[in-house]
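Remarks on the overall topology
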Amino acid sequence: MNSQTAYPEKGPIDVQLTPDEALALTGVEFNGNHKIKIEAQRKIRNAFEKKFDFNTPAR
């Protein structure tokens, strides 16, 4: 993704991850369950969508 978005506010984004999800985002692979990383990424994407409005054009 090469697009840039201007974020109107800077600050933390709170996401609740399980320990396995956090490890999966650091690169640890769970051979029996690849869905752990996918679920963690989905949670982060949803948190961004709730915090920032991506439908309005950047200035």
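First things first, this report covers the structure right here in the doc. (Residues numbered from 1 in each chain as written. Predicted model: local features only at pLDDT ≥ 70, side-chain atom pairs only at ≥ 80, totals over all residues. Heavy atoms only, no water.)

We now examine the environment of R45. Mapped onto the secondary structure, R45 falls in helix α2 (residues 35–51). In this structure the C-alpha to C-alpha distance between R45 and V15, which are 30 residues apart in sequence, comes to 9.7 Å. (Helix = DSSP H or I, 4+ residues; strand = E, 2+ residues; numbered from the N terminus.)

Below, the discussion takes up the pattern of salt bridges. Tallied over the entire structure, the rule returns two salt bridges. For E39, the salt bridge identified is with R42, shortest N-O distance 2.2 Å. Of this pair, E39 and R42 both sit in helix α2, three residues apart, which is roughly one turn of the helix. For E39, a relative accessible area of 29% corresponds to the partly exposed category. (Salt bridge = Lys/Arg side-chain N within 4 Å of Asp/Glu carboxyl O. Buried < 20%, exposed > 50% of the residue type's maximum accessible area, 1.4 Å probe, protein only.)

End to end, α2 covers 24 Å across 17 residues, agreeing with the expected 24 Å (1.5 Å per residue, within 8%). Taken together, the buried positions of α2 are occupied by I36, A40 and A47. End-on, the buried residues of α2 take up no more than an arc of 40 degrees, which puts them together on one face. Where α2 is buried, its residues meet α1 (19–26). (Expected span 1.5 Å × (residues − 1). Arc of directions from axis to C-beta. Contact = heavy atoms within 4.5 Å.)

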